[in-house]
Amino acid sequence: MEAQNNTSYWQQHVDYSMDVNVDVEKYQYSGTQKLVYTNNSPDVLSRVYYHLFFNAFQPGSEMDMRLQSVADPDGRMMADGKSRIASLSPEEMGYLRVNSLTQDNQAVSFVEEGTILVVELIKPIPPGGKTTFEMTFNGQIPLQIRRSGRNSSEGVALSMSQWYPKLAEYDFEGWHADPYIAREFHGVWGDFDVKLTLDKKYVVGGTGYLQNPEEVGHGYETPGSKIKKTKGKTLTWHFKAPMVHDFMWAADPDYLHDTLKVENGPMLHFFYKNDKEIVENWKKLQPKTAEAMQFFNKNIGDYPYEQYSVIQGGDGGMEYAMSTLITGGRNFGSLVGVMVHEMAHSWFQHVLASNESKHEWMDEGFTSFISSLCMDQIMDQKKENPFAGSYQGYYNLVASGKEQPQTTHADRYELNFAYGVAAYSKGAIFLSQLGYIIGQDKLMETLRKYYQDFKFKHPTPNDIKRTAEKVSGMELDWYLTDWTQTTNTIDYGIKAVEADGQKTKVSLERIGLMPMPIDILVLYNDGTQETFYAPLRMMYGEKENPYPNLKRTVLQDWPWANTNYDLILDKELNNVKAIVLDPSQLMADVNEENNVWQAQE
Ligand SMILES: [Zn+2]
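The name given to the protein in an unreviewed UniProt entry is Peptidase M1-like protein, with Arenibacter algicola as the source organism.

Attention now moves to the sheet that holds strand β8 (residues 109-113). Strands belonging to one sheet form pairs held by backbone hydrogen bonds; the direction of such a pair is parallel or antiparallel. Pairing in this open sheet of 4 strands is antiparallel, and the strands run β8-β9-β3-β13 from one edge to the other. The open sheet is flanked by β8 and β13 (166-167), the only strands paired with a single partner. Strand direction decides the pairing type here: strand β3 (residues 45-51) and β13, joined by 2 bridges, are antiparallel. Counterpart to Tyr50 in the pairing with β13 is Leu167.

Further remarks concern the coordination of the zinc ion. The coordination sphere of the zinc ion contains the protein donors His341 (NE2), His345 (NE2) and Glu364 (OE), at a distance range of 1.9 to 2.1 Å. All donors to the zinc ion come from one chain, and their sequence spacing reads H-x3-H-x18-E. Of the two residues examined, His341 and His345, each falls in the buried class.

Time to look at the UniProt feature "domain: Peptidase M1 membrane alanine aminopeptidase" (unreviewed entry) in the protein. According to UniProt, the positions carrying the feature "domain: Peptidase M1 membrane alanine aminopeptidase" (unreviewed entry) are residues 334-483. Between the end C-alpha atoms of residues 334-483 there is a gap of 30 Å, over a span that is 67% helix and 0% strand.

Quick look at the side chain of Asp582 now. Its location among the elements puts Asp582 in the loop between β32 (576-581) and β33 (596-598). At 6.5 Å, Lys543 is the nearest oppositely charged side chain to Asp582, a buried residue that forms no salt bridge. Within polar-contact distance, the side chain of Asp582 engages the backbone nitrogen of Met587 at 2.8 Å. Each residue touching Asp582, except ones within four places of it in the same chain, is listed here: Tyr436, Asp519 and Met587.

In this model, helix α9 (residues 461-472) (12 residues) spans 17 Å end to end at C-alpha, consistent with the 16 Å of a helix rising 1.5 Å per residue. With respect to burial, α9 is a largely interior element, 9 of its 12 residues being buried. Listed in full, the buried residues belonging to α9 are Pro461, Asp463, Ile464, Lys465, Thr467, Ala468, Glu469, Val471 and Ser472. Those residues of α9 that are buried are in contact with α5 (360-378), α7 (416-438), α8 (440-454) and α10 (477-485).

What follows deals with helix α1 (residues 62-69). When α1 is considered as a whole, its buried residues turn out to be Met63, Asp64 and Leu67. Angularly, the buried residues of α1 cover 100° about the axis, an arc narrow enough to put them on a single face. Contacts made by the buried residues of α1 are with β4 (78-79) and β5 (82-83).

Moving on, we get to the packing of helix α3 (residues 279-299) against helix α4 (residues 332-344). Two packed helices can be described by the angle between their axes and the distance between those axes. Close contact between α3 and α4 brings their axes to 10 Å; oriented N to C, the two are set at 35°. Of the two possible hands of crossing, α3 and α4 adopt the one that is right-handed. For the pair formed by α3 and α4, the contact residues are Asn281, Trp282, Lys284, Leu285, Lys288, Thr289, Ala292, Met293 and Phe296 on the first element and Phe332, Leu335, Val336, Met339, Val340, Met343 and Ala344 on the second.

Moving on, we get to the pairing of strand β1 (residues 13-23). Moving residue by residue along a regular strand, the side chains alternate between the two faces of the sheet. Here 11 bridges tie β1 to strand β2 (residues 28-38), and the two strands are oriented antiparallel to one another. Residue pairing for β2: Asp19 is matched across the bridge by Thr32. Between β1 and β2, which pair antiparallel in sequence order, lie 4 residues; one of them, Tyr27, sits at a positive phi of approximately 60°. Where β1 and strand β16 (residues 190-199) come together, 8 bridges link them in parallel fashion. In the sheet register, Tyr16 faces β16, and the bridge partner there is Phe192.

Attention now goes to the packing of α3 against α5. The contact between α3 and α5 brings their axes to 10 Å, and the two run at 125°. Compared by their axis directions, α3 and α5 come out oblique. Every pair of crossing elements has a handedness; the one defined by α3 and α5 is right-handed. Here Lys288, Glu291, Ala292, Phe295, Phe296 and Asn299 of α3 come into contact with α5, specifically with Ile370, Leu373, Cys374, Gln377 and Ile378. Across the contact of α3 with α5, the residue classes tally to 7 nonpolar, 2 polar and 2 charged.

Next up on the list: the packing of aromatic side chains. In this structure the tally under the stated criterion is 48 aromatic pairs. Aromatic side chains Phe295 and Phe296 sit 5.9 Å apart centroid to centroid with 80° between the ring planes, which places their arrangement in the edge-to-face category. A relative accessible area of 9% places Phe295 in the buried class. The buried category is assigned to Phe296, whose relative accessible area is 0%. Over the ring of Trp483 we find Lys426; its NZ or CZ atom is 4.8 Å from the centre of that ring. In this structure, Lys571 is placed above the aromatic ring of Tyr524, and the distance from its NZ or CZ to the ring centre is 4.1 Å.

Counting through the fold element by element, Asn385 comes out in the loop between α5 and α6 (388-400). For Asn385, a relative accessible area of 17% translates into the label buried. Within the structure, Asn385 has its side chain in polar contact with the backbone nitrogen of Phe387 (distance 2.9 Å). Excluding residues within four positions of it along the chain, Asn385 makes contact with Tyr391, Ser584, Gln585 and Leu586.

Attention now goes to the pattern of salt bridges. Opposite charge on two side chains lets them pair, provided their charged atoms get close. Summed over all chains, the structure comprises 25 salt bridges. Residue Asp258 is joined to Lys283 by a salt bridge in which the shortest nitrogen-to-oxygen separation is 2.9 Å. Residue Asp258 is located in strand β21 (residues 255-261), and its partner Lys283 is located in helix α3; the two are separated by 25 residues in the primary sequence. Residue Lys283 is classed as partly exposed on the basis of its relative accessible area of 41%. The network of salt bridges with common partners includes Asp74, Arg76, Arg146 and Asp315.

The next point concerns the nonpolar core. Membership of the largest hydrophobic core comes to 175 residues, with the highest contact counts inside it found for Leu158, Trp163, Leu198, Trp249 and Phe296. Among all residues touching Leu198, those that are not within four sequence positions of it are Val22, Val24, Leu158, Val204, Lys233, Thr234, Leu235, Trp237, Trp249 and Ala251.

Spatially, β30-β29-β28-β32-β33 is the arrangement adopted by the 5 strands of the open sheet, whose pairing is mixed. Looking at which strands have only one partner, the edges of the open sheet turn out to be β30 (552-554) and β33. On average, each strand axis in the sheet is inclined to that of its neighbour by 15°, with strand direction left out of account. Pairing analysis gives 5 bridges linking strand β28 (residues 518-524) to β32, with the strands arranged antiparallel. Looking at the pairing, Leu521 lines up with Val580 of β32.

Cut-offs used in this document
- Residues numbered from 1 in each chain as written.
- Predicted model: local features only at pLDDT ≥ 70, side-chain atom pairs only at ≥ 80, totals over all residues.
- Heavy atoms only, no water.
- Pairing = 2+ DSSP bridges.
- Helix = DSSP H or I, 4+ residues; strand = E, 2+ residues; numbered from the N terminus.
- Donors = N, O, S within 2.8 Å, 3.2 Å for Na, K, Ca; no water.
- Buried < 20%, exposed > 50% of the residue type's maximum accessible area, 1.4 Å probe, protein only.
- UniProt positions renumbered as here; feature names shortened; annotations may be inferred.
- Lys, Arg positive; Asp, Glu negative; His and termini not counted.
- Salt bridge = Lys/Arg side-chain N within 4 Å of Asp/Glu carboxyl O.
- Polar contact = N/O pair within 3.5 Å; in protein donor to acceptor, adjacent residues only side chain to side chain.
- Contact = heavy atoms within 4.5 Å.
- Expected span 1.5 Å × (residues − 1).
- Arc of directions from axis to C-beta.
- Axes fitted to C-alpha atoms, helices over the stretch in contact; angles between N-to-C directions.
- Left-handed = near helix turned anticlockwise from the far one by under 90°.
- Parallel < 35°, antiparallel > 145°, perpendicular 65-115°, else oblique.
- Nonpolar A, V, L, I, M, F, W, Y, C, P; charged D, E, K, R; others polar.
- Phe/Tyr/Trp six-rings, centres within 6.5 Å; stacked < 30°, edge-to-face > 60°.
- Lys NZ or Arg CZ within 6 Å of the ring centre and 35° of its normal.
- Core = buried A, V, L, I, M, F, W, Y, C linked by side-chain atoms within 4.5 Å.

Here you go:
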């Protein structure tokens, strides 16, 4: 069941200052962290939790154990059928250790539980209270296994995501101290001030605005300006990132660094290896990135930061605050596709920060939806149904019998396959099918309002539903409930078409449990067409005619509990050529065969 928020909205706030030294030869780092934590909740907090994500990359970790037991492990994390984590040596594994921790200058006790640090406070934090945690920590960067790590398969030296002790989120549902098992994150909104000191040959990109570009150079300086030569082997990079919930960076001595200003938008930065196989594609990628940014600005709402960076690194594509890490050795279409997907996450995760581990369909699904539309436009694909792949994936999952409801925690699906389809495909269909229910214009209006109302917050499933209700005037609780909290499927069909005097009787039936309104297209032998619309009674509303060039007749509501529904056509049977339920194919009907009736030749 979906937890309900019975309180008025609040969210916690963090202000991080970190000063970190990185030894690029030993792949180790150490630093200090000062965290000012504001408790905006109505509760007294006597404990806090930090994530220590790098501890996942150790033999025997929960991530390792899960890899060894899941039937379809991620191929990137396996070698010769075995978990790559299991064989990491002490020099190759990752760790993140907190060495000392104080709360308002008094030492507190803490205990490490795998990838989580549990801290018992000596001074409970009252509602509205502020407290300051100061710690020293050190870490080792693991071999690249998943998302972050050293020496990626494409030779990127440091992909630094999930790298610092990160306070867990506390919200209306309580603490979210999820162990790092496979995926999906939830973080606290706040401001970051990060100083990174490392070998001065390395070029760094990531979250945040560089505060000392004229000292650092490496393509950040004002063009034409002279960089002061510094003594010593290292350089300190000072970044600030306002209102984000994560901080990522990547570094490599061979990065090329290009910039491109989006018209009326942010500065785009590109970091990629000087590898002749990929350079041409990465140059061509740059104007496409600007086009994608403008597409999202127009269709969802303005990107709120002044900078976005596309960085070669990691092991596929992963979204971060103001940036992404993607692999670079791809054909051009795939390179644009992964950039578009990860950049779309800037809206659906890094500004609309849903709890991904509980509602993975809200970030992966909505991102897939909007990136399909964006690719259609910027790559001029003009697909009849840009979401066709998502529908096919969903139908395959249903047929496999392995579907679990979307309320399943992202780490606890039986199969990675079932997680992937539920999050990406069924999540994308949540929106494309919502467009079928409320109309395409209302859908796009819903997305823009959702962004306006919930940016820099943690929207929940109920928030997207309520937004769609307010925009459309319809009741949509049935949709959110059946689609996201059950595995009920949609199957409507044409049962019979028969003569009824001078008229024709079309008998429709509902076979699946999930309710839907029905669009019906009728084609006649004289070449004319008309449509009919049977609204679902429990939605208490009607969409506008999706086919304005065709005559539409709004029929009486179809009450869900009635499995049968008759439609009378004002023409003789021998005039009727074909009848089609949902000609848009945006309704995810698991049995399409009974959606079409054709007259015998
Ligand atoms: Zn994604």
